[in-house]
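Given next are the chains, with one letter for each unit.
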Amino acid sequence: MLKSFEENLAKFVGTRYAVGLNSGYDALHISLLAAGIGSGDEVIVPAHTFVATCSAVVNAGAKPVLVDVGKDFNIDCEKIEEAITPNTKGIIPVHLSGYMADMERVMEIAEKYDLVVIEDACQSLGSSMEEKKSVKFDVLGVKGKEKERRMAGAWGLTGCWSFYPFKILGGYGDGGAITTDDPDVALFATRMRYNGEDRDTGEYHGHGYTCLLDNMQAAFLDVKLRYLPQWIVRRKEIAERYRQALSDLPDLLLPHYDDPRRDHVYQNYTLRSKQGSDFSEFMKVNGVEVLTQFRKPYYKHEALKLEDRCFPETEALSREVCSLPMNVELEDEEVGYVIEVVRGFYKKIRG
Ligand SMILES: Cc1ncc(COP(=O)(O)O)c(C=O)c1O
């Protein structure tokens, strides 16, 4: 079961290998160890993400260096270079909510400074971005580039996946994986998930972890993966309905971006409302389940002992984020009701 799911996941993402693990966190942590990142190293992470992105860096013994995000909730590529120091070893771009970070730009920067890229793709299975491929034609000395699409999780050394039930491909408990083209990384992860043991020889190759994706979850995920493309179509339909019904409201910033290179698969439909918690509370009181991740940025939690270098975009969006219901089980009438409640809120506050 596990082997079949790994093969199908690798095929779907377009990498040579996929290795099933226990969670998205494990995927990040094992990727950092596989890249040899540890004590004395710095790794760039976005200031707006789920805390696990950052915790994996800390638990690998390295120092996370936070960078603000842009209007699309993903790392602001214009701010990456100023965060690079002689100790920087890697970047973890996060593809949040189903929309990829600008990987073409991230890869350019990584190449320039010789950095490892580990993609936190936990929220974006199925998402892709157009890339300009190497020189494909040379007509009378004019070199050209051909464009093709590359999936999230197939750009960096590894792509890290979470199959936590709430995810776009969710299991019935925790689950995760890495995808990679690197045979050494795949082998390392395969051993580390079994406490360092090579299951063929019985030899221990290091102090590992118990972090295997179990067969039962792999079996469920393998079946669900077949339906993912059609589920993404449905998600896009719902997102389009929200767009058509809500884009005239000036206090809402909807997650539709002006970059035809990137394909949004809408794991989450996260908008920004100028009315922040007043808006999200109104939704809840009226029976609409919304998410407000994250009102308090992770670097502001004292126990994490992270440096708050002031990230204006993260602070602003943290006050305003609100994810509307988004899943394939939503009926058209339910989407209609969500829209009615959103419009009802703005009608009420405008009097
Ligand atoms: C962006 C991001 N990174 C990492 C993780 C960690 O994944 P998991 O909960 O499977 O450990 C998650 C999932 O919650 C996530 O959304």
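Since we're looking at a predicted model, the values are computed, not measured.

Cut-offs and rules
- Residues numbered from 1 in each chain as written.
- Predicted model: local features only at pLDDT ≥ 70, side-chain atom pairs only at ≥ 80, totals over all residues.
- Heavy atoms only, no water.
- 1 Å grid on protein atoms, 1.4 Å probe; cavity = no way out; pocket = protein on both sides within 12 Å on 5 of 7 lines; lining within 4 Å.
- Points joined across faces, edges and corners; volume = space filled by probe spheres on them.
- Helix = DSSP H or I, 4+ residues; strand = E, 2+ residues; numbered from the N terminus.
- Pairing = 2+ DSSP bridges.
- Contact = heavy atoms within 4.5 Å.
- Axes fitted to C-alpha atoms, helices over the stretch in contact; angles between N-to-C directions.
- Near = heavy atom within 4 Å.
- Polar contact = N/O pair within 3.5 Å; in protein donor to acceptor, adjacent residues only side chain to side chain.
- Areas by Shrake-Rupley, 256 points an atom, 1.4 Å probe, with all protein chains shown as cover.

Within this model, the largest pocket holds a volume of roughly 930 Å³. What lines the largest pocket is a set of 43 residues, among which Tyr164, Pro165, Phe166, Lys167 and Gln267 lie closest to the centre. Of all the elements in the fold, those that place two or more residues in the lining of the largest pocket are helix 2 (24-34), helix 3 (52-59), helix 6 (215-246) and strand 13 (321-324). By volume, the second largest pocket amounts to about 440 Å³. Lining the second largest pocket are 20 residues, with Lys3, Glu6, Ala186, Thr190 and Arg193 positioned closest to its centre. Breaking the lining of the second largest pocket down by element, the ones donating at least two residues are helix 1 (2-13), strand 1 (17-21) and helix 5 (183-192).

Attention now moves to the sheet that holds strand 12 (residues 269-273). Sheet architecture is open: three strands sit in the order 10-12-13, paired in antiparallel fashion. The open sheet has two edge strands, strand 10 (252-253) and strand 13, and neither has a second partner. In the sheet, strand 10 pairs with strand 12 via two bridges, with the strands oriented antiparallel. By the bridge assignment, Leu253 is partnered in strand 12 with Arg272. Packed onto the sheet, helix 6 meets strand 10, strand 12 and strand 13 and runs at close to 20° relative to strand 12. In the packing of helix 8 (residues 312-320) onto the sheet, the strands contacted are strand 12 and strand 13, and the crossing angle to strand 12 comes to about 95°.

The next point concerns the sheet that holds strand 2 (residues 42-46). Taken in spatial order, the seven strands make up an open sheet running 1-9-8-5-4-2-3, and their pairing is mixed. Each end of this open sheet is capped by a strand with a single partner; those strands are strand 1 and strand 3 (63-67). Each strand of the sheet is rotated relative to its neighbour by a mean of 25°, with strand direction disregarded. With five bridges joining them, strand 1 and strand 9 (residues 176-180) adopt antiparallel strand pairing. Of the residues in strand 9, the one forming a bridge with Leu21 is Gly176. On top of the sheet, helix 4 (residues 103-113) reaches strand 4 (88-91) and strand 5 (116-120); it is set at about 155° to strand 5, its chief contact.

Let us look at the side chain of Asn74. Topologically, Asn74 is positioned in the loop between strand 3 and strand 4. Not counting residues up to four positions away in its chain, the partners in contact with Asn74 are Val69, Val94, His95, Leu96, Tyr99, Met100 and Ala101.

This brings us to the site of the ligand. The environment of the ligand is formed by 15 residues, the closest being Gly24, Asp120, Gln123, Ser162 and Lys167. Between the ligand and Gly24, the relevant distance is 2.8 Å, taken from an oxygen atom to a main-chain nitrogen or oxygen of the residue. In the environment of the ligand, an oxygen atom lies 2.9 Å from a nitrogen or oxygen atom belonging to the side chain of Gln123. In isolation the ligand has 390 Å² of accessible area, and contact with the protein removes 90% of it.

Scope: geometric values only; no functional claims are made or implied.
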